[in-house]
Structures are given as structure tokens and as C-alpha cells.
Amino acid sequence: MGLRYQYEGEISDSIGLLISILVRYPEVGTINYDPSTQVLKFSFMLAASLKEDDLKEFSRRFTQSLSIYNSLEGHTPRVINLSYHFFDRLTVLEVKRDVDTLSQGEIGLIMSLIRQEFEDTLLAEANDGFGEEELMVQEEIIDHMLESIKGGGAQKKLIAFREEGRVLVFNK
């Protein structure tokens, strides 16, 4: 079973980026793109109500890790933010990053940090239908799409998520 998407007409780079991120990273619950601020917001669902002190400590380490990564890459990020929301037996993590300094390598780091910290509670859709080669192709597409939307013109606010093996993208 693979993810499928339908779109009438040409797929813009921002739509392609959201689709590729969701296809490549099943841990991402939703992804939002706001072209006016040039910010991507990744949302992750955790099947537990976690302690706020633990999340504050993770947020500190997470932000520090991304800052160090960007420093080594020679970038000065405009937006690096991790926030969280509690819902009964669920915690939602939200990561915001500006697309101007974001790279596929950093997205991989974000995923590794989230997986490592929350592997037991992180909700993710199975990625059974994709081999290693297809996943690498998705990473190349993400890198290409990121480069093409950097400093891009006015586009629409978008939100993308998975539902029953499909990727859905909507204008906000």
C-alpha cells in the first residue's frame, strides 16, 4: 500500500514539497505552509500526555541541536520553534522553521531527534510500500522543492495530512 494523491492541473512546488515530506516521513501528522511568513509547521502526535518539564527540557535540547546544525552549515535561521499542546491522552508537538534556511538534512535531523526522544509514543503511519531507493528519491524531491520555494512569490496557505493511506492538501 502506498500513498496516492490526486490533483487537477499543475502541482506547485509548495504542494509538491508538502506531499513529499508526508510521503517520506510518516511521523509527520500534518504540515502547514504559510507563504507570507515563509514558515513550515510540522505537527507530530504523541500517544501520551507527557510532563511539561520533560517537554521543556526536550525543547531546549532540540532548539540547541538545530542551532548548532545551522551554525555548522553557515545559516542563520529566522524561525526555530518547538511548541506543544496537551489533549486528554495525546500531546501534539509543533515545529516551525523558516524555509529560507531549512534543508533536507535539517529535516532529517528533526525527524531523528523526535524519533529518538519519543519512539514509544510517536504516532506514525506505516511506510510499508516504499523501498530505500524510493525514500531517497523523496529526499531529493524535498531538497529541490525547498530550493525552488525559497524567496518565492505569493502562493496560498496550505495544509497537508494523511488519511487512510492518502495525502490530502488543502488551501487554508
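Criteria and thresholds
Residues numbered from 1 in each chain as written. Predicted model: local features only at pLDDT ≥ 70, side-chain atom pairs only at ≥ 80, totals over all residues. Heavy atoms only, no water. Pairing = 2+ DSSP bridges. Helix = DSSP H or I, 4+ residues; strand = E, 2+ residues; numbered from the N terminus. Axes fitted to C-alpha atoms, helices over the stretch in contact; angles between N-to-C directions. Contact = heavy atoms within 4.5 Å. pLDDT = per-residue confidence, 0-100.

*Asks:* Give a description of the sheet that holds strand E3 (residues 80–87) that names residues and reports values.
*Replies:* Across the sheet, which stays open at both edges, the 6 strands sit in the order E3-E4-E2-E1-E5-E6 with antiparallel pairing between neighbours. Where the open sheet ends on each side, the last strands, each with one partner, are E3 and strand E6 (166–171). Taking each pair of neighbouring strands and ignoring which way they run, the sheet shows an average axis angle of 20°. Running over the sheet, helix H1 (residues 13–24) touches strand E1 (30–34), strand E2 (39–46), strand E5 (158–163) and E6 and is turned about 30° from E5.

*Asks:* Before we move on, can you summarise the confidence of the model for the protein chain with the specific residues and values?
*Replies:* Atomic detail in the predicted coordinates should be set aside for any region of low pLDDT. When the pLDDT values of the protein chain are averaged, the result is 88; 90% of them are 70 or greater. At the level of individual helices and strands, the protein chain shows its lowest average pLDDT in helix H4 (residues 132–149), which scores 87, and its highest in E2, which scores 97. Low pLDDT, under 50, characterises residues 1–10; the predicted model gives this stretch 20 contacts beyond four residues in sequence or across chains.

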